[in-house]
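Topology and contacts: notes
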Amino acid sequence: MSKIVFFCIPAHGHTNPTLGVVRELIARGHEVWYYSYKSMQEKIEATGAKFVACDDYDLEQKLDPKDAARVGKDLAFSTQLLVDTTLALDDMVMEHMKELEPDCIVADSMAVWGKAVALKLGIPFVSSTTTFAFNQHSAKILKQSLGELFSMIFSMPKINKNVKRLQDKGYPIKSVLDIIQNDNNTHTVVYTSPEFQPCAETFSDKYMFVGPSVRPAEEQIKKTKEKLIYISMGTVNNDMVKFYKNCIEALKGTDYQVILSVGNLVDMAEFQDLPENIRVYSHVDQIAVLQQADVFLSHCGMNSVNESLYYEVPLVTNPQTSEQGGVAARVEQMGAGIRLLKSTPEAIRESIEKVLADDSYRQKAVAIAQGFKKCSGAKGAADKILQVCKGQ
């Protein structure tokens, strides 16, 4: 029996893909400790893992909504946040790991404190990558604007200062790339297929592309019209009342059934007297909806895109961060959707109708889904982790 520790950030898109892996490991008789945040406690404990809360140490939990929106958009700010959290967690995590003596640490690629403590203590390590694996080759899909490039250049002194704070504390970090880039010498589980991963052939054999980890639907959605349009901007940067109202204006009175999920930041009182074909919810069972949907208008979080394509649903993409922009670019490259260039009602309707009218988008989604379903999934990820536990 092995003792395995998981570290993750407080984000559904980073946590959800790991839950099936944790269940698989526990079903095989292994023990799992999962360091995360109280917002994720219920779903983590449902796997059978032992939950350890990091909330008291993590500055991200104390951000106001304005600062929280900067995460993922401002590299210098995000780097400072990761460094602050790593140093705040340092004493607690180091003490726990010395007591527990785990056989392996599995850390989300953004939970750099997990990787850092594994390196410090010489514990076998696996990176859990819920976005695309990132290196100099796959980075080419991140089509940054000139403004974003200038912003990154001017922020580098601040970034390097934070990297030095880690170095001074004994962390083997050379540059910001050690935080955001996947190292070919590191065992890595990636929750997508080699076909959907950009430049998969440039990664070493230490990488395992296991495909998306898709949970079963928990509800049933009734399809009331021939075509169902699903719209969601995810669970983080989703305070977008004007955009949602533009979607309603675009699709009211059409022959489409429309399901709009707006999140918890929006006052539902904003949506009065809805057209008969449109329903607005603060939350839906996304898997249940995607099993019925014909087009998904999405913020293009990796988890949402994986789920959409798994169920052969083409996309209209409306990314809100550079990471989501990279995922949107890959969707377009693979021919499984198009990017929304304007958020006017006319542009929204035209983009959705373009994807509905051209069956090639659906056919490309079907091809990607076939690649996903050939992958080894949670069983393959568990096999990889256990191999690392045994030093293979």
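First, a word on what this report is: a plain description of the structure on this page. (Residues numbered from 1 in each chain as written. Predicted model: local features only at pLDDT ≥ 70, side-chain atom pairs only at ≥ 80, totals over all residues. Heavy atoms only, no water.)

1. Some points on the environment of Ser36
Mapped onto the elements of the fold, Ser36 is located in strand E2 (residues 31–36). Sequence separation between Ser36 and Val52 is 16 residues, and the spatial gap between their C-alpha atoms is 6.3 Å. Leaving out residues up to four positions away in the same chain, Ser36 has contacts with Cys8, Ile9, Ile44, Phe51, Val52, Ala53, Cys54 and Asp55. (Helix = DSSP H or I, 4+ residues; strand = E, 2+ residues; numbered from the N terminus. Contact = heavy atoms within 4.5 Å.)

2. Concerning the packing of aromatic side chains
Counted by the stated rule, this structure contains 11 aromatic pairs. Members of the aromatic cluster, each reached through a chain of ring pairs, are Phe132, Phe196 and Phe372. In this structure, Lys50 packs its charged tip against the face of Trp33, placed 4.7 Å from the ring centre. It is Lys373 that lies over the ring of Tyr310; its NZ or CZ is 4.8 Å from the centre. (Phe/Tyr/Trp six-rings, centres within 6.5 Å; stacked < 30°, edge-to-face > 60°. Lys NZ or Arg CZ within 6 Å of the ring centre and 35° of its normal.)

3. Here's the deal with the environment of Gln286
Examined against the element boundaries, Gln286 turns out to sit in helix H9 (residues 286–290). The contact partners of Gln286, leaving out residues within four places of it in the chain, are Arg215, Tyr230, Ser232, Phe296, Ser304 and Glu307. Looking at Gln286, its side chain comes within polar contact range of the side chain of Ser304, at 3.2 Å. A distance of 2.8 Å separates a polar atom in the side chain of Gln286 from a polar atom in the side chain of Glu307. (Polar contact = N/O pair within 3.5 Å; in protein donor to acceptor, adjacent residues only side chain to side chain.)

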